[in-house]
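# Remarks on the overall topology
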Amino acid sequence: MHQVSKLHYHRKQKMLDVLFADAVLAQFSAEFLRVMSPSAEVRGHGTPVLVANKRDVAISQILPVGQYAVKLVFDDGHNTGLYSWSYLRQLHEQQDTLWQDYLQRLKAANAVRDARLDIRFHSGI
């Protein structure tokens, strides 16, 4: 079993560092963790659900679950699914393949990573 010794979330970069007890460092974007959520809502019942429009998602809370997992709360309201240490290690070991597969699935579904509606405010005359 893979044990995690440290988690560090970089709010500005929206990146989570996961240091395993065997000194392996995994780095994940909040977007990657959100679209790869182990929740039933995302994993579906046999067929994974394609989660799009999450490029700007952030992690708002990291809640420990015993000595084996964390629950990640995202700023889009998603808060289900436990990220076990073994699941995080699996994501680390397969990150490139999983990400390329995700991008291909987005393209095939004519979906995008960006938010559906870009709202910006600017002060001017």
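Figured I'd write up the structure that's included with this text.

The rules we used
Residues numbered from 1 in each chain as written. Predicted model: local features only at pLDDT ≥ 70, side-chain atom pairs only at ≥ 80, totals over all residues. Heavy atoms only, no water. Salt bridge = Lys/Arg side-chain N within 4 Å of Asp/Glu carboxyl O. Helix = DSSP H or I, 4+ residues; strand = E, 2+ residues; numbered from the N terminus. Buried < 20%, exposed > 50% of the residue type's maximum accessible area, 1.4 Å probe, protein only. Bend = angle between axes of the 7 residues up to and from the residue. Pairing = 2+ DSSP bridges. Axes fitted to C-alpha atoms, helices over the stretch in contact; angles between N-to-C directions. Contact = heavy atoms within 4.5 Å. Phe/Tyr/Trp six-rings, centres within 6.5 Å; stacked < 30°, edge-to-face > 60°. Lys NZ or Arg CZ within 6 Å of the ring centre and 35° of its normal.

### Overview of the pattern of salt bridges
Using the criterion set out here, one finds six salt bridges in the structure. For Arg-89, the salt bridge goes to Asp-22, with nearest N and O atoms at 2.9 Å. Of this pair, Arg-89 sits in helix 3 (residues 85-108) while Asp-22 is found in the loop between strand 2 (15-20) and strand 3 (25-29), placing the two residues 67 residues apart along the sequence. Taking relative accessible area as the criterion, Arg-89 reaches 8% and is therefore assigned buried. Across the pair Asp-76 and Lys-54 runs a salt bridge whose closest N-O atoms are separated by 2.7 Å. Here Asp-76, found in the loop between strand 5 (69-74) and strand 6 (82-84), pairs with Lys-54, found in the loop between helix 2 (40-43) and strand 4 (59-65); they are 22 residues apart in sequence, far enough to count as distant. According to the relative accessible area criterion, Asp-76 is partly exposed, its value standing at 33%. Classification of Lys-54 as buried rests on a relative accessible area of 16%. When salt bridges that share partners are traced, they join Asp-22, Arg-89 and Glu-93 into one network.

### A look at helix 3
Along helix 3, the largest kink reaches about 75 degrees and is centred on Gln-94. Burial in helix 3 covers these residues: Trp-85, Tyr-87, Leu-88, Arg-89, Leu-91, Gln-95, Trp-99, Tyr-102 and Leu-106. With its phi angle positive at about 55 degrees, Asn-110 sits one or two positions after the end of helix 3.

### Concerning the sheet that holds strand 2
Strand order in the open sheet formed by three strands is 1-2-3, with antiparallel pairing between adjacent strands. Strands at the two margins of the open sheet, each flanked by one partner only, are strand 1 (4-10) and strand 3. Between one strand axis and the next, the sheet turns by 15 degrees as a mean value, whatever way the strands run. Relative to strand 2, strand 1 runs antiparallel, the two sharing six bridges. If you follow Leu-7 over to strand 2, its bridge partner there is Val-18. Here helix 3 sits on the sheet and contacts strand 1, strand 2 and strand 3; the angle it forms with strand 3, its principal contact strand, is near 80 degrees.

### Side note on the packing of aromatic side chains
In this description, a pair of aromatic rings is defined by centroid distance and the angle of the planes. Taken as a whole and judged by the stated rule, the model has four aromatic pairs. A centroid spacing of 5.8 Å and a plane angle of 5 degrees characterise the contact between Phe-28 and Phe-32, whose relative ring orientation is stacked. Relative accessible area serves as the criterion here: at 0%, Phe-28 is assigned to the buried category. The class of Phe-32 is buried, set by a relative accessible area of 1%. On the basis of an interplanar angle of 55 degrees and a centroid distance of 6.1 Å, the ring pair of Phe-32 and Trp-99 is categorised as tilted. Pair noted here: Phe-32 is in helix 1 (residues 30-35) and Trp-99 is in helix 3, with a separation of 67 residues, a long-range link. Of the aromatic side chains, those joined through ring pairs into one cluster are Phe-28, Phe-32, Trp-99 and Tyr-102. The ring of Phe-20 has Arg-89 sitting right over it, with the charged end atom 4.8 Å from the ring centre.

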